[in-house]
Every structure is written in C-alpha cells, then in structure tokens.
Amino acid sequence: MARVWQLLLFVLIMAVLIGLPPLLGAGLQNAMTNMLIAALFAMAFNLLMGQGGMLSFGHAAFYGVGAFAVMHLMTAIDRGGLSFPTPLLPLAGAAAGLLVGLVTGWFATLRSGVYFALVTLALAEMLHSLAPHWEGLFGGEAGISSMRMPWGGFIFGQVIEIYYLTLIWVTLSIGLLYAYTRTPFGRLTLALRDNEERVRFMGYDAHATKMIVFAVSATFAGIAGGLLAVSNEQANYELFGTHVSAQVVLHTFVGGSTVFFGPAIGAAIFTLFAYLVSDVSRSWLLYQGVIFVLVMLYAPLGIGGVVMLHLRHWASIPWQRMVGPYAGATAATLLMAIGTVMVVEFLEALFSPHYVAQRRQAETSWPAFERFGASWEPFGILTWGPPLLLLIVGLLILLRLRHRIVALWDEVQETAETAARSGA
Amino acid sequence: MREDRVLDLRGIAKSFGSARILEGVELTVRRGERHAIIGPNGAGKSTLFNLISGQFSPTSGSILLNGREIAGRPPHQINRMGLSRSFQITNIYHRLSVFENLRLGVMARHGLRFSLFRRVAALRAVNEESEALLQRIRLEDRRDRPAGDLTYSEQRALEIGMTLATAPEVILLDEPTAGMSQEETHYVIELIREVTKGKTLLVVEHDMNVVFSLCDRISVLVYGELLATGTPEEIRANRAVQEAYLGEEVA
C-alpha cells in the first residue's frame, strides 16, 4: 500500500514539474530552475552529511568548481569552435567535482567531526579568497561569462529550454543518488556514519571509504554548480562564498537529513520562499533564519522527517482527536507569523535610511511611516497593539495545544512499541 | 611445528608515555585451541587485544599471524588476514538493522569494499550467508529491528555474530559475558562453543567458571607480564598464579 502511495506521489510531483512551467512566466520558470539546482546540491551534500555522517561547511567549493569548469568548456565551444553537445555541459562540472573532491577529500577525511568540518570550511574559504586574484582561472572579481551554443535543433535561448534540461539532469542525478543507497557501498556509507571504528575492524579501509563518499558527493555538487553555470551563462568567485555553503546546510536540515528526499524538499521550499519574499521584503533573510531556528528547536527531524513520522504511524494516529489540535496549532502559528511580520516590518521601516531622512525634514520629531499601504504612528497603540496581541494570543493557544498534541503522540508511540514487541 | 602456531607474540612491550602497560610478553596460540587470558583489572589484557587487532602498535616486539608480521598494521589489514575481534563495550551499528550489521561483515569478506555498481539485494551468496549467520546467533526474529533496539544480551550475541561475519580463522573475544546474568552467560557461552568450532579462539574473560569449562589453555597476565600459560589443571595447580591472582578462589 505504501508503495502505491509513494509511486502516486512521485508521478504527481513529476507531472507538476513537467506540466506546470510552460504555464508560468519566465521569472517563475527561472525560479523553478534554481529550485531544482538547489535540490540537487542539497541531495549531494546530504549524501556526505546524512548518510556518511560527515558535516561539511565548505560544499560551495565543489559547487563553484563545477560551475567554473562548465564556463571554461562553454567558452571553448563559443570561442574555440570546439564541438561539444550543449546538453552535456554539466559533465564538465561532474568531472571537476570528482577530481577536486578526490584530492581535497583525501585530506579532509583524515579527520572526523569538528576537525573535518573546519578543514572543509577552510578549503572553501581558500578558494573564495584566491579566486578574485586568479584572473585566468576564475576571471578575477568579475568572473567569467560566455554563451550557450545551439545544438541539435535546440537554441537554448529560452528559459523553458534550460528548465527542462535542468529537470532531466536533476532527475537523473537524484535517481543515481537513490541507486547509490542500494549498492553495497551505499550500505557501507551508513555503517560509517553509525560506527567508523567497527568498519575498520571489519576489514574496510575507513579512510579510503570516506574519501570516495566525499568524492561522490563532490561530483554531484559539481553537476549542480555546472547546471547553474549553464543557466546563468556566467560564474564568479561569490560562488565559493560562505553563504553558499551555509545555505545548503540550512536547506538540508530544514528539509530533514534523515529522509532521502528531505534535502530536496527543504531546498525547493527555501528557494521558492526566497524568490517570492525577497521581492516583497528586505527582511527575507531574517525570516529564513527564524524558520531555520524554529525547525531546529521544535522539529529537529525537519519537514521530511515530520512527514515520514506521520506516514509511518498513519494507522495508529487517533486522527479524530488529532485534527482539532492540529488545526488550532496551524491557526495559532499563522497568527504568530502575522504578528512577527508586522513587528519586523515596522522596525525595518523605522530604522530605514528613508525614514531617517523623513525625520530630518519633518516638523514633528517622529512622523508617521508607511507600511502595508497604510500610515502608522511610531508610538501609536494601534501600531504595536495588534501585532503584540496576535503574538500573545497565538503563543497562548500553542502552549495549550502543545500538551494535548504531545500526549496524543505519546499514545501513538506506545501503541507502536507494544505492536513491535508482540510482533517480534 | 610452524603450522601449529597460528598466533605468536614475541617480546611484546607497550608503553603509553612513561606508563608501562606490557613488558616482555611471549605468547603462542595453537591452531584450533580455545585460549583464555585472565588477570586482575589493569593487567593489560585489553591492551594486548588492541595490539593484536591493530588498534595500537606495540612499542617493541613482534606479532606473527600464520608466520606473517602483523604488529603495527592497521586493523582492516589484520582483519583481511583472518583475525577478527569483538569489543568489551558493544560496538555495533545502532541505526542499522540486525541483518545489515551482519551483512556488512559478510560483504567485506567477499571483497565488496568499493562496490558502487551492483545492487546489494542481488548479491545472493552474501545475503544467504548473512541469513545463515543470523540463525546461528539466534536472532532471526530480530532481523529487521534497528540493532540499537535490542536487549543487552541480544546485542552481545550480535557483537559475536559481527566478529564471525568476516569468517576469521582467529577470533578474539573481549569479555563476551561482561555484565550478564547467569542465564545470559550460559546462553552466550553455548553460543561461543558452537560458533567457534574448528576455529582458534582467544578470549579475555573474568568469569572463572566460564574460563575453566570453555578453554583448552589459559594464560595469566599480571601487571603487564605473563605469569604462566597452561591447561586449566596446570593453572589451578600453579603456586605463583594462586598467590598472585586466583588466591582463595581455587585454593
């Protein structure tokens, strides 16, 4: 039964990914391309983190290397007349990721845990600071730009063509990553995460194993970077930046590192969120950060993990009693979200340079400011009262409902445990 | 006589900084025997195991496995040469299923160490061997449970199963019955007796009843030095051993 649902869900998602974009504008098509690329990047990262148990803070290195490799190949085709099929450009990203992954992986995997994380961080930072000075390789501060060449009847001039090319590459890559988990080496990767010492005492060379896991992860990160280069037709040293490495960590954890598709979910949601919210609000990074912190605190399994938890216990969840609290909690969260957004946006308006200038010109010391298409008094009770009320009411409802939801889940866990014991 | 000695320790010494843990240890383990190492806490038994299995290198001396030097080699190489060990503190893959824990060992023995292009479900020999091993350690009904969910004695049985999974010629068991009730001890000892048939066993054990009933020969380690080696009767009768270690227990 579960299989059927999984298959159905897969077909549905693919149908949306294939059928929806032609109905959208170029902006959203581009956002969806970026969403797919971010999803692949996060899945590649999670092979190392979720399956191999190695948390890298420098995965931007392989993403960036993949992008630059593709740019060089694209330039060679454009200027040098090299004949190479445009749809296969990301292969250059894969090759570069693999190569750099093997070399750097050899060093990084000599250490574990915090030291491993720091080595990877240093590695990406090194590239980030070297790249602007290495004109020939990374194009200096401006970076490299080039043009996609038409191939096999495709012009590759429209966003939709690039979208479908990306979709094919990402689907194929994620399919390969899934197949990886079904190989002997994929099982060994999980063992490595659980207990590296025992792996060694079972006759496996732990260092070589870790290095290969690292290189495979870097290869797929390189493909993701390569796809970005194909889409943007340019790359610069900012690709090696800490924010790129941090972003992929964030996507993975919010999506859920313990679930295979979790990172893709996190990446898709956050990329879409960034596209939609960054136009409307300057504080979108703050909202993203708040969401990340809240997920880590109250749903550390991530979105994918929470969904899986519900699917696993579907039959034993007392839905009739659960629906009420869940609906209430959703409504309360919404109230708190509205309250938070109002407070943040008001503060943003008050501290903006625009408002500072306004204050200088105005006769009164604290003139009213504009937000949400209305005018607000900086010290007005009607300005701060409603958002604070929303926050308090939402919080009180959540606190009350939390106990009920936790109690219901305790029941579910108990039924699951007794079932497991009697079944054994 | 060479074929008779499967494991040969010559002049083994180990120091950590200024602390001397082992000194001049000479030990021969014969093929097919069950050999126990006993001694008070802190005598260096675990260190000796760590040296033989490759966790540490000895400060001096040599360790021969079937005539080949293994002192200072990494654990995975020693394992591939036919020596496998268990751990005093349970050392399993907690989040993986019991079956998967065993299969990883079987895979290693089949040389599937970097196998990226085959489906694990299609490896018939590996899967059949893993199932057989699962039955031998009597954990069939726990097959798909995460190993971390097992009871303590089940985990100890799994620990032994994982040690056997690489089909070693020489098996090192580090306190297999530590922390067990009498009933559980009995169960594990029967298991060990059964699964080590035709193999060489070197075991560290505190329970004297277990040692005297299970093993063919016993070595006594006291303060980093080997006091005596012999059959259970010889050890029981040995004055030095009685004074240094066994004391009232067997006198």
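Residues numbered from 1 in each chain as written. Chains lettered and ligands numbered in written order. Predicted model: local features only at pLDDT ≥ 70, side-chain atom pairs only at ≥ 80, totals over all residues. Heavy atoms only, no water.

## Re the overall build of chain A
Thought 1: The helix and strand tally for chain A stands at 17 helices and four strands.
Thought 2: With the principal axes as the frame, chain A shows a C-alpha extent of 75 × 65 × 45 Å.
Thought 3: Residues counted as buried form 47% of the 424 residues belonging to chain A.
Thought 4: Of the contacts formed within chain A by residues at least 6 apart in sequence, a portion of 75% connects residues at least 24 apart.
Thought 5: Measuring between centres, the 20 positive side-chain charges of chain A sit 10 Å from its 21 negative side-chain charges. (Helix = DSSP H or I, 4+ residues; strand = E, 2+ residues; numbered from the N terminus. Buried < 20%, exposed > 50% of the residue type's maximum accessible area, 1.4 Å probe, protein only. Contact = heavy atoms within 4.5 Å. Lys, Arg positive; Asp, Glu negative; His and termini not counted. Charge placed at Lys NZ, Arg CZ, Asp CG, Glu CD.)

## Considerations on the overall build of chain B
Thought 1: For chain B, the count of helices and strands is nine helices and 10 strands.
Thought 2: Whereas a compact globule of 251 residues would reach a radius of gyration of roughly 18 Å, chain B reaches 18 Å, a difference of no more than 12%.
Thought 3: Summarising its shape, the C-alpha atoms of chain B cover approximately 60 × 40 × 35 Å along the three principal directions.
Thought 4: The contacts in chain B between residues at least 6 apart in sequence include a share of 65% that link residues at least 24 apart.
Thought 5: Surface accessibility of chain B: about 11,000 Å² in total, with carbon and sulfur atoms responsible for 46%.
Thought 6: Across chain B, the mean location of the 32 positive side-chain charges is 8 Å away from that of the 33 negative side-chain charges. (Rg over C-alpha atoms; globule rule 2.2 N^0.38 Å. Areas by Shrake-Rupley, 256 points an atom, 1.4 Å probe, with all protein chains shown as cover.)

## Topic: the sheet that holds strand S6 (residues 83–85) of chain B
All names here are of chain B.
Thought 1: Spatially, S6-S7-S8-S3-S9-S10 is the arrangement adopted by the six strands of the open sheet, whose pairing is mixed. On the outer flanks of this sheet lie S6 and strand S10 (225–230), each paired with one strand and no other. Put simply, the sheet's adjacent strands are angled 15 degrees from each other on average, direction ignored.
Thought 2: Both S6 and strand S7 (residues 170–174) contribute to a ladder of three bridges, which runs parallel. Residue pairing across strands places Arg85 opposite Leu172, the latter belonging to S7. (Pairing = 2+ DSSP bridges. Axes fitted to C-alpha atoms, helices over the stretch in contact; angles between N-to-C directions.)

## Focus on the interface of chain A and chain B
Thought 1: With 26 residues of chain A at the contact, the number on the chain B side is 39 residues.
Thought 2: Counting the surface lost from both chain A and chain B, the interface buries some 2,900 Å², and carbon and sulfur atoms represent 59% of this.
Thought 3: There are three salt bridges connecting chain A and chain B.
Thought 4: The closest approach of N and O atoms between Arg95(B) and Asp194(A), which form a salt bridge, is 3.5 Å.
Thought 5: Applying the counting rule to chain A against chain B returns 19 residue pairs in polar contact (both at pLDDT 80 or more).
Thought 6: Those elements giving two or more residues to the side of chain A that touches chain B turn out to be helix H8 (184–194), helix H9 (196–201) and helix H10 (206–232) of chain A.
Thought 7: When residues in the side of chain A that touches chain B are grouped by element, the largest group, eight residues, is from H8(A). (Buried area = accessible area lost by both parts, 1.4 Å probe. Salt bridge = Lys/Arg side-chain N within 4 Å of Asp/Glu carboxyl O. Polar contact = N/O pair within 3.5 Å; in protein donor to acceptor, adjacent residues only side chain to side chain.)

## A few points about the side chain of His310(A)
Residues and elements named next belong to chain A.
Thought 1: Checked against the element boundaries, His310 lands in helix H14 (residues 302–312).
Thought 2: Of the residues examined, His310 reaches a relative accessible area of 14% and is grouped as buried.
Thought 3: In this structure the side chain of His310 is engaged in a polar contact, spanning 2.7 Å, whose partner is the side chain of Tyr326.
Thought 4: Setting aside its immediate chain neighbours within four residues, His310 contacts Ile317, Trp319, Tyr326 and Trp409.

## Examining the pattern of salt bridges
A side chain of one charge can pair with a side chain of the opposite charge if their charged atoms are brought near each other.
All names here are of chain B.
Thought 1: Applying the stated criterion across every chain, the model contains 24 salt bridges over all chains.
Thought 2: Ionic pairing is found between Asp8 and Arg5, a salt bridge with its closest N-O pair at 2.9 Å.
Thought 3: A residue is classified by how much of its surface remains accessible, and Arg5, at 37% relative accessible area, is partly exposed.

## A closer look at a nonpolar patch on the surface
All names here are of chain A.
Thought 1: A cluster of nonpolar residues, Phe261, Ile265, Ile269, Ile303, Val307, Met308, Leu311 and Trp314, forms a patch on the protein surface that exposes about 690 Å² of accessible area.
Thought 2: For the nonpolar patch, the element with the most residues is H14, which contributes four residues.
Thought 3: Among the structural elements, Leu311 can be located in helix H14. (Patch = residues over 30% accessible without salt bridge, like charges linked within 9 Å, V, L, I, M, F, W, Y side chains within 5 Å.)

## Side note on the environment of Pro74(B)
Residue and element names in this part refer to chain B.
Thought 1: Its place among the elements puts Pro74 in the loop between strand S5 (68–69) and helix H2 (75–80).
Thought 2: Its relative accessible area of 31% is what places Pro74 among the partly exposed residues.
Thought 3: Separated by 27 residues in the primary sequence, Pro74 and Thr47 have C-alpha atoms spaced 15 Å apart.

## Considerations on unusual backbone geometry
It is generally the case that most residues other than glycine have a negative phi and that most peptide bonds are trans.
Thought 1: Non-glycine residue Phe156(A) carries a positive phi angle of around 55 degrees.
Thought 2: Mapping Phe156(A) onto the fold places it in the loop between strand S1 (144–145) and helix H7 (159–181).
Thought 3: Among the residues examined, Phe156(A) registers a relative accessible area of 6% and is labelled buried.
Thought 4: With a phi close to 55 degrees, Arg138(B) is a non-glycine residue in the positive phi region.
Thought 5: Relative to the helices and strands, Arg138(B) resides in the loop between helix H4 (124–136) and helix H5 (152–165).

## Describing the nonpolar core
Thought 1: Ranked by size, the top nonpolar core spans 135 residues in total, and within it Leu104(B) and Leu158(B) carry the most contacts.
Thought 2: When residues in this core are grouped by element, the largest group, 15 residues, is from helix H2 (residues 26–51) of chain A.
Thought 3: Setting aside residues no more than four positions away along its own chain, Leu158(B) makes contact with Ile92(B), Val98(B), Asn101(B), Leu102(B), Ile137(B), Leu139(B), Ala147(B) and Leu150(B).
Thought 4: Residues Leu9(B), Leu22(B), Ile78(B) and Leu202(B) belong to the second largest nonpolar core, which totals 25 residues. (Core = buried A, V, L, I, M, F, W, Y, C linked by side-chain atoms within 4.5 Å.)

## A word on the domain arrangement of chain A
Thought 1: By the assigned domains, chain A splits into domain 1 (21–246 + 257–281) and domain 2 (313–419).
Thought 2: Relative to domain 2 of chain A, the C-alpha centre of domain 1 of chain A lies at a distance of 36 Å. (Domains from an automatic or database assignment.)

## Looking at the pairing of strand S8 (residues 200–204) of chain B
All names here are of chain B.
Thought 1: Most of S8 sits inside the fold, with five of its five residues counted as buried.
Thought 2: Residues of S8 alternate between two faces, with Thr200, Leu202 and Val204 on one and Leu201 and Val203 on the opposite face, all of them buried.
Thought 3: The sheet contact formed by strand S3 (residues 34–38) and S8 spans four bridges and is parallel. Pairing of Arg34 across the sheet is with Leu201, part of S8.

## Let's talk about the environment of Leu121(A)
Thought 1: Relative to the helices and strands, Leu121(A) is located in helix H5 (residues 113–130).
Thought 2: When near neighbours in sequence (up to four residues on either side) are disregarded, Leu121(A) contacts Phe57(A), Gly58(A) and Thr242(A).

## Details of the sheet that holds strand S2 (residues 19–30) of chain B
All names here are of chain B.
Thought 1: In spatial order, the strands read S2-S1-S4-S5; together these four strands make up an open sheet with antiparallel pairing. Of all the strands in the sheet, the pair left with one neighbour each is S2 and S5.
Thought 2: Here strand S1 (residues 5–16) pairs with S2 via eight bridges, running antiparallel. Bridge pairing in S2 places Arg5 opposite Arg30.

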